[in-house]
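Results of the structural survey
So you can see what is in the structure, the chains are spelled out below.
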Amino acid sequence: YAANNKIWIELGGLFRVYTVRVWNIRSVSKPNFTGTKIYVDDTLIGTASAAYGFYDFSLPEQTVVYGSKVTLHQPRISYMFLLEVQVWGNGPYNSEDKFN
C-alpha cells in the first residue's frame, strides 16, 4: 500500500493506439482509480478524473500516438482494482513505417 502503483501492458510491437478503455471494479473501491494516469509509452493520453465504472480514453483523430506499452500509473497512495483494460489501435509497425 504505497504511492506510484503501476500496471502495464506490453503490446508485443509498435502500434498506433487510438483508444484505451478501462472497466473499474464494481464496489466501494471505485474511488481508488481516481487520479490514475494513462500512458502510451511516455505520452500521457488521459487521467481518471472521478470514480466511474467505465473510462474511455479515446484520442482525437488528428492525434497520432505510437507505442509498444500502455501504463496505468496511480501516483496517490491507493490500490488499483480493475476488471478489464482494452487497447484499441492498429499495427504492428516498424519504427520507419510511422504515419502522421
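This text follows the structure it describes.
1. Overview of the packing of aromatic side chains
- This model, assessed by the stated rule, comprises six aromatic pairs.
- A centroid spacing of 5.9 Å and a plane angle of 65 degrees characterise the contact between Y52 and Y55, whose relative ring orientation is edge-to-face.
- Note on Y52: relative accessible area 45%, which makes it partly exposed.
- Centroid distance Y79 to F81: 5.8 Å. Interplanar angle 55 degrees. Geometry classified as tilted.
- Joined through ring pairs, the aromatic side chains of F33, Y52, Y55 and F57 make up one cluster.
- If you follow R21 out to its NZ or CZ, it ends over the ring of W88, 4.7 Å from the centre.

2. Some remarks on the environment of S95
- On the secondary structure map, S95 appears in the segment after strand 6 (82–93).
- On the basis of relative accessibility, which here comes to 52%, the residue S95 falls in the exposed class.
- C-alpha of S95 to C-alpha of Q74: the two residues are 21 residues apart in sequence and 29 Å apart in space.

3. What about the pattern of salt bridges?
- Throughout the structure, instances matching the rule amount to one salt bridge.
- For the salt bridge of D56 with R21, the shortest nitrogen-to-oxygen distance reads 3.7 Å. Note that D56 is positioned in strand 4 (residues 54–58) and R21 in strand 1 (residues 5–24), a separation of 35 residues in sequence.
- Judged by relative accessible area, which is 38%, D56 ranks as partly exposed.

4. Things to note about the nonpolar core
- Within the largest apolar cluster, 15 residues are counted, with the highest numbers of intra-cluster contacts made by V20, V22, F33, I38, I45, F57 and L72.
- Secondary structure elements with two or more residues in this core: strand 1, strand 2 (37–40), strand 4 and strand 5 (66–74).
- Broken down by element, this core gets its largest block of residues, three residues, from strand 1.
- Ignoring sequence-local partners within four residues, the contact set of V20 consists of I38, I45, Y55, D56, F57, V70, V85 and Q86.

Criteria and cut-off values
Starting afresh in each chain, residues are numbered from 1 along the sequence in its written order. Per-residue local features are limited, in this predicted model, to residues with pLDDT of at least 70; the limit for side-chain atom pairs, both in listing and counting, is 80 or more; totals at the level of whole chains, interfaces and linings are taken over all residues. Hydrogens are left out, water is left out, and the side-chain values use all remaining heavy atoms of the structure. Planes of paired rings set the category: under 30 degrees apart is stacked, over 60 is edge-to-face and the rest tilted, where pairs are Phe, Tyr or Trp rings (Trp by its six-membered ring) whose centres lie within 6.5 Å. Burial classes: relative accessible area under 20% of the type maximum marks a residue as buried, over 50% as exposed, and values in between as partly exposed (1.4 Å probe, protein chains only). Distance and angle both matter: a charge sits over a ring if NZ of Lys or CZ of Arg is within 6 Å of the ring centre and within 35 degrees of the ring normal. Counting from the N terminus, the helices are the DSSP runs of H or I reaching at least four residues and the strands are the DSSP runs of E reaching at least two. Take a side-chain nitrogen of Lys or Arg and a carboxyl oxygen of Asp or Glu: if they are within 4 Å of each other, that pair is a salt bridge. Side-chain atoms within 4.5 Å are what join buried Ala, Val, Leu, Ile, Met, Phe, Trp, Tyr and Cys residues into a set we call a nonpolar core. Whether two residues touch is decided by their heavy atoms; if any such pair falls within 4.5 Å, the residues are in contact.

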